[in-house]
Every structure is written in C-alpha cells, then in structure tokens.
Amino acid sequence: MRRFVIRRVRSLLDRSNQHHHHYISNPFLLSSSSSSSQYQSRFLSSTSVLGSSSSSSMAPAVTVDTLNPKVLKCEYAVRGEIVTLAQRLQQDLKDNPGAHPFDEILYCNIGNPQSLGQQPITFFREVLALCDHPPILDKSETQGLFSTDAIARAWQILDQIPGGATGAYSHSQGIKGLRDTIAAGIEARDGFPADPNDIFLTDGASVGVHMMMQLLIRSEKDGILCPIPQYPLYSASIALHGGTLVPYYLDEAAGWGLEISELKKQLEDARAKGITVRALCVINPGNPTGQVLAEENLREIVEFSKQEGLVLLADEVYQENVYVPEKSFHSLKKVSRSMGYGEEDISLVSFQSVSKGYYGECGKRGGYMEITGFSPDVREQIYKVASVNLCSNITGQVLASLVMSPPKVGDESYESYYAERDGILSSLARRAKTLEDALNSLEGVTCNKAEGAMYLFPRIQLPQKAIKAAEAANSAADAFYCRHLLNATGIVVVPGSGFGQVPGTWHFRCTILPQEDKIPAIVSRLTNFHKKFMDEYRD
C-alpha cells in the first residue's frame, strides 16, 4: 500500500510539473487530479503566486523584529550561551574523541541532581510505579518486589484519584486527596493549620511563580522586589509579563545577609520613580548564594511586608538543603503565624518543588504553591488562571504528596528511606565544603560558606587585562572567564552577570551536585586553569 501511494504521488507530481502547477502533496488528497486541484484552490489564492519568481523575495511571516519585545527582553542565564557552547563541545567529544583537553563535560550550571548521578528515593519510585500500572498491585510477585508501605500508599493514592487513572486530567488545583496530604505535611512542619483549599499543585515551582507574576503585573509601572543576586526565573518572568524588577542587594560581606534598610531604600527609590511595588520575593535558602536566613531576620521581613502592603513571595524549594548545624529552615508562613498574623494581615504565597531537596526529581515536574491572605474574589481569579492550564501532571502531584508525607516510624521503608535521604544530604554537605575550600584557595577568589541550597557563588577579582580583553570580545568579564574555563576544562558554570551582582564585581555560580568521586577532578581542573588564566592576564 505504501509503495502504491508513493508511486501515485510521484505520478501526480510529474503530471503537475508538466502543467506548471505547484501544490502541496498529500496522499489523502491525491486520489485524482481533480481532488488535487480542489485542495489547491482551497488553500491558495492563485497558482501564480507560488510559481512566480518574486516568491523568493517575500518577507517571512515572523522575524526577530516582529516577535513580542517582552520575549526578546527575557533572559535565562542557567541555560544560556555557556551551556549552548557546552552542548556543542559535548557533541564534538562524541564525534572527535581526543579533540579537547578533557574527556567529558561536567555540568555544574544547573540544579539537576539526577543528571549528575544522584539516585532517586526508592520509596517514591515504588509508589509511582505502582500508581502508574495498577494491575501489578494484584499480582502475587508484587509483595516480594515492593515494600508493604509502598503498596499501601499506592492503593491509598489510587483511591484518591478519580477513576484511579494517572493519565487523566485532575481538578485544576490538583487532586483533593493529595492536597489533603500536603496540607497535613505543612501543618506538621510548621505547627500551624494548613488548608488544602489554599494549595495549588503545579508543574514545578516555576509555573507557580509565572502564575503570580501574571496576576500581579499590570504594566511596566508595577514592580517586584527581588534579591540581587537572584535566580533568573524571576527576572525572566517579570520581563515576560511586562513588569519592572526592583533590585535589593544582598550583603556579600555579611554572608549574603538581607538588610531591611536596603529593602526600604530600594522601595522608596522605586516609588519615587512612579513604580507601584506589588510584592517582595524572598529566596530561602538562597539561590545562587546559599545562605539560610535566621528566624529573627524573617520576622523583620514579615513585618516590613505587612507595613508596606506587599505580597510576600516565599521561594522555599531548598527547605531540605541546610548543611550547617547552627542554622535551621523556618517557613515564612510559620514565622508570620508565630507573630500572630493571620489571613487578614498579610498576603503570602509559598513555593515548594520536588526538583530540589534530597529528592531531585526535576524531570517529574512537581510542586505546589500555598496561597494565604487573599480575598475570595482574588482567589477566584487565581483559580481561573490555573484552570487555563487544565491541571499539573499527575506524577508530579503524587510526588509532591510523597515529599510532604514520607515513611514514618514503623513503616517497612522507614529505615531505608532515611538512610537514602541522610546519605544524600550529608554527601552534599561534604561536597559543598570541599568546593568552598578549593575556591577560597584560588588567587583573587573569595567564597562564602554554603549554608544551604545547592550552589556556591564565589567572587573573583579579575585582572584589568582580562576585563579589557572581555570588553574587546563584547562580553561580560565573568562570562569571558567562564567561557575560557569551559574550553580548557569542560566544566560548565554560570557567570554571575546572569544573576545580577553589585556593579564592578564578578562572580560565577557552581553547583555542588557532581558526585563525590568527581569532585577531586573538578578541583584539580579548576585550580590548574585558574592559575594559567591569572598568569596569562596578569596586569
């Protein structure tokens, strides 16, 4: 049949060429020459347009100049120019082994744990497998292959999913039973009540951030207070929705501290320029800076937001990633409730994700936002925006519920689960310390302690000769350094200019995620490169 169709198409094309007609071939419409003529007349105003010599000079329907200017303004550094170059090098390594002074690309640019060898949590994956293929729950072999608590949890979750189908749409806020589980987990974490109706399950935290920017930003006269350095999601989302990023600078000398005086200064400056500041974004633990905010500092932030009438956007996706014994994670909701502030006092949106922590399930795209302190009519609009996307993916919804309700004492998986979790977190702490010490040993480099999250953000004092060479190459100086690092070592890091920094300073962000057996090679390559670079560009 296929050969017949191909012969028929060729015959008709030959016949068409003989009569100087041009049309789009479609085997479903080429059963006769008359049908092809009908097809042509339906979609072309005249045959002469396609056949004319002037067709080559017709302007394309879309050019960069005719795209939405907000898209052109948007940038996302963690997958920007350096990563594109790394991908080309990776392909070249495959096509031409030995062509470079390294044999692999080490991606230290993005918080993507499993791509760098981190193993998923067994209990989570067992439950997901059982939920995605329920028939195996009834097989006798299942009892020997899966833990009893994973089997029980899968049955429980399937009972909560309408029809027990993980391939079906859900409620636009997410499956109610899963939101119940997440609310219970939030309440257990904070010691204050949580309402499942306040929870919107999302495809990772990023979707929730975009949704809130879409709701809050009306024009370029609306501003969002964001930390500098910041995760580029925020600058990108603000640009896409046509708003203004109002920067507040973290104090590098004080361990990337957040000073209320800086918030006040930037807020007043923005208002003096006619900007209506709608919200304050706080990333805790910090990305890319790795600091963990103290509870007293968080109380000051809550008070500031309340007094200034700002929506508080709490990016808390690294809440499990705290590596220093003197610091603990405190959610902004817990802090605000402990201060006696309730729904009527402050508007707060808290974001969580399954991509970070010790779970690292980036590709599953799961997360949630908890919204509190919004009126019923505003909540209705938030729901409307969520419903446009129908729902988040069900696998991510299930994972979000598991993250907030892991195995408990007495469950069969309890000991193995905590061994996996603690093994990952303790290894991350060791990797952070090793890289921190290595960076601080380099000439002209200073690096604050990684208290949490998954990154280090060292400052690098570049020679004037290097800065001038970067200017001549039409590049930011830290991007110039990062490009040379990649070409010499295969190590991918992100220039600090992609996150924002105090003018005149240079940084780069490096993840702590490569497996421990890779860390010595990274340290060795980086150390050797840095010495050669500084010698080459020494003033």
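Everything quoted here is computed from the prediction, not taken from an experiment. (Residues numbered from 1 in each chain as written. Predicted model: local features only at pLDDT ≥ 70, side-chain atom pairs only at ≥ 80, totals over all residues. Heavy atoms only, no water.)

A. View of the pattern of salt bridges. If you walk through the whole model with that rule in mind, you get 20 salt bridges. The partner of lysine 518 in a salt bridge is glutamate 104, with the nearest N and O atoms 3.0 Å apart. Taken as a pair, lysine 518 in the loop between β14 (508-511) and α20 (519-536) and glutamate 104 in the loop between α5 (81-95) and β1 (106-107) lie far apart in primary sequence, 414 residues in all. When the shortest N-O distance is used, the salt bridge between arginine 538 and glutamate 443 registers 2.7 Å. Pair noted here: arginine 538 is in the segment after α20 and glutamate 443 is in the loop between α17 (414-440) and β9 (445-446), with a separation of 95 residues, a long-range link. (Salt bridge = Lys/Arg side-chain N within 4 Å of Asp/Glu carboxyl O. Helix = DSSP H or I, 4+ residues; strand = E, 2+ residues; numbered from the N terminus.)

B. Quick look at the sheet that holds strand β5 (residues 276-283). One open sheet holds the seven strands; their spatial order is β2-β8-β7-β6-β5-β3-β4, and the pairing between them is mixed. Where the open sheet ends on each side, the last strands, each with one partner, are β2 (199-202) and β4 (244-249). Taken pair by pair, the neighbouring strands of this sheet meet at an average axis angle of 20°, ignoring direction. As paired strands, strand β7 (residues 348-353) and strand β8 (residues 367-372) are joined by six bridges and run antiparallel to one another. Opposite phenylalanine 351, over in β8, you have methionine 369 as the bridge partner. Helix α9 (residues 176-190) rests against β2 and β8 of the sheet, and its axis sits at about 115° to β2. With respect to the sheet, helix α13 (residues 295-308) is in contact with β3 (222-228), β5 and β6 (311-315), its orientation differing from that of β5 by roughly 165°. (Pairing = 2+ DSSP bridges. Axes fitted to C-alpha atoms, helices over the stretch in contact; angles between N-to-C directions. Contact = heavy atoms within 4.5 Å.)

C. Molecular detail of the confidence of the model for the chain. Here the chain shows a mean pLDDT of 86. Residues at 70 or above account for 89%. This model gives residues 1-53 a pLDDT under 50, and the stretch forms 38 contacts once residues within four places in sequence are excluded. (pLDDT = per-residue confidence, 0-100.)

D. Structural detail: helix α12 (residues 260-272). The end-to-end C-alpha separation of α12 is 18 Å, in line with the 18 Å expected for 13 residues at 1.5 Å each. Residues of α12 that are buried: Ile260, Glu262, Leu263, Gln266, Leu267 and Ala270. For α12, the angular spread of the buried residues around the axis is 155°, confining them to a single face. Counted as exposed and oriented over 90 degrees from the buried face of α12: Ser261, Glu268 and Ala272. Of the surrounding elements, those touching the buried residues of α12 are β3, β4, β5 and α13. Positive backbone phi, approximately 85°, marks glycine 274, located one or two places after α12. (Expected span 1.5 Å × (residues − 1). Buried < 20%, exposed > 50% of the residue type's maximum accessible area, 1.4 Å probe, protein only. Arc of directions from axis to C-beta.)

E. Representation of the sheet that holds strand β13 (residues 494-495) in the model. The three strands are arranged β10-β14-β13 in an open sheet whose pairing can be described as antiparallel. For this open sheet the edge positions go to β10 (455-456) and β13, each flanked by a neighbour on one side alone. As paired elements, β13 and β14 share two bridges and run antiparallel to each other. Considered in β14, the bridge of valine 494 is made with arginine 509.

F. Molecular detail of the environment of glutamate 295. Looking at where glutamate 295 falls in the secondary structure, it is placed in helix α13. Since its relative accessible area comes to 29%, glutamate 295 is described here as partly exposed. In this structure, the C-alpha to C-alpha distance between glutamate 295 and valine 335, residues 40 residues apart in sequence, is 7.3 Å. Once you skip the residues sitting within four places of it in the chain, glutamate 295 turns out to touch His330 and Val335.

G. Quick peek at the nonpolar core. By size, the foremost hydrophobic cluster in this structure holds 117 residues, and its most contacted members are Ile105, Phe124, Leu313, Val349, Met369 and Phe533. Among the elements that take part in this core, α17 stands out by supplying seven residues, more than any other. When neighbours within four sequence positions are excluded, valine 349 is seen to be in contact with Met212, Val311, Leu312, Leu313, Ala314, Met369, Glu370, Ile371 and Phe374. Leu250, Leu263, Leu293 and Leu332 belong to the second-largest nonpolar core, a separate cluster that totals 30 residues. (Core = buried A, V, L, I, M, F, W, Y, C linked by side-chain atoms within 4.5 Å.)

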